[in-house]
Amino acid sequence: DAKTTQPTSMDCAEGRAANLPCNHSTISGNEYVYWYRQIHSQGPQYIIHGLKNNETNEMASLIITEDRKSSTLILPHATLRDTAVYYCTAQGRAGAQKLVFGQGTRLTINP
Amino acid sequence: DAGITQSPRYKITETGRQVTLMCHQTWSHSYMFWYRQDLGHGLRLIYYSAAADITDKGEVPDGYVVSRSKTENFPLTLESATRSQTSVYFCASSSRDRALLEQFFGPGTRLTVL
């Protein structure tokens, strides 16, 4: 599984787009990028995943660079309820059942 | 209600005692998982199960026992609790076709071993 690097913390104003970067420079061709988040004291929540193409769902957008060495999770209109720790992980399908989370990015949405 | 539940939500026990944490899901998901979360270590997989009667070790299985006689239940037992097992425990489940992509987590059990 590729190692991922994320900033320890970020701040964003309510209503603005929150852009969370993740570096996964050692990612291999069959490894997916997953994003989860954990709101204080709750279980982690799946957000989105991608392999090569950019992806969008009702929660967020995932932009993966062409060389796949980094990605950005975008929360288009952040709300106070988006305050959480966001985890980026890169894993192949064979190992994905063993989710491996690093320290993540603590995102604080400010009013 | 549908979903994944864990019980108890909070538990205090003493060193050497046996403790069982329960996990129940109503989606009939094939896969179920147990993780522990500690400050400084993130989330670590203890055991997982691909189906009833099929279990496998994760990253930190020592001191834990699991069973899966029914698809919907996946209890985790600490046979002789130690202080190092003080942690927050999360159960998760996933369907067979999405097991590799999306896991649904329960609310967690906060366990303190004195």
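Please read all numbers here as calculations on a predicted model, not as lab measurements.

Enquirer: Teacher, can you tell me more about the pattern of salt bridges here?
Expert: It is possible for side chains bearing opposite charge to pair when their charged atoms get close. All names here are of chain B. Inspection of the entire model under this criterion finds 4 salt bridges over all chains. Between Glu 14 and Arg 17 there is a salt bridge; the shortest N-O distance is 3.5 Å. A relative accessible area of 45% places Glu 14 in the partly exposed class. A salt bridge links Arg 36 to Asp 38; the nearest nitrogen and oxygen atoms lie 2.9 Å apart. Residue class for Arg 36 comes out buried when judged on its relative accessible area of 8%. Overall, the relative accessible area of 15% leaves Asp 38 in the buried class.

Enquirer: Any chance you could explain the sheet that holds strand E3 (residues 19–25) of chain B here in plain terms?
Expert: Whenever strands of a sheet pair, they do so through backbone hydrogen bonds, lying parallel or antiparallel. All names here are of chain B. The strand order across the open sheet built from 4 strands is E1-E3-E8-E7, with neighbouring strands paired in antiparallel fashion. The sheet is open, and its two edges are formed by strand E1 (4–7) and strand E7 (64–66), each paired on a single side. Between one strand axis and the next, the sheet turns through 20° on average, direction left out of account. One ladder, built from 4 bridges, connects E1 with E3; its direction is antiparallel. When the bridges of E3 are listed, Ile 4 appears paired with Gln 25.

Enquirer: For this particular structure, what's the right way to read the state of the cysteines?
Expert: Two cysteines form a disulfide when their sulfur atoms are joined by a covalent bond. Per the stated rule, a full pass over the model turns up 2 disulfides over all chains. Two residues, Cys 22 of chain A and Cys 88 of chain A, share a disulfide whose sulfurs are 2.1 Å apart. Sign of the S-S torsion, about -80° for the bond between Cys 22 of chain A and Cys 88 of chain A, identifies this disulfide as left-handed. Of the two residues, Cys 22 of chain A is situated in strand E2 (residues 18–23) and Cys 88 of chain A in strand E8 (residues 84–92); the sequence distance between them amounts to 66 residues. As far as the burial class goes, Cys 22 of chain A and Cys 88 of chain A line up, both buried. A sulfur-sulfur separation of 1.8 Å characterises the disulfide bridge that pairs Cys 23 of chain B with Cys 91 of chain B. With the S-S bond torsion at -75°, the cross-link from Cys 23 of chain B to Cys 91 of chain B turns out left-handed. With a gap of 68 residues between them, Cys 23 of chain B in strand E3 and Cys 91 of chain B in strand E9 (residues 87–94) connect regions that are remote in the sequence.

What counts, and where the lines are drawn
- Residues numbered from 1 in each chain as written.
- Chains lettered and ligands numbered in written order.
- Predicted model: local features only at pLDDT ≥ 70, side-chain atom pairs only at ≥ 80, totals over all residues.
- Heavy atoms only, no water.
- Salt bridge = Lys/Arg side-chain N within 4 Å of Asp/Glu carboxyl O.
- Buried < 20%, exposed > 50% of the residue type's maximum accessible area, 1.4 Å probe, protein only.
- Pairing = 2+ DSSP bridges.
- Helix = DSSP H or I, 4+ residues; strand = E, 2+ residues; numbered from the N terminus.
- Axes fitted to C-alpha atoms, helices over the stretch in contact; angles between N-to-C directions.
- Disulfide = S-S within 2.5 Å.

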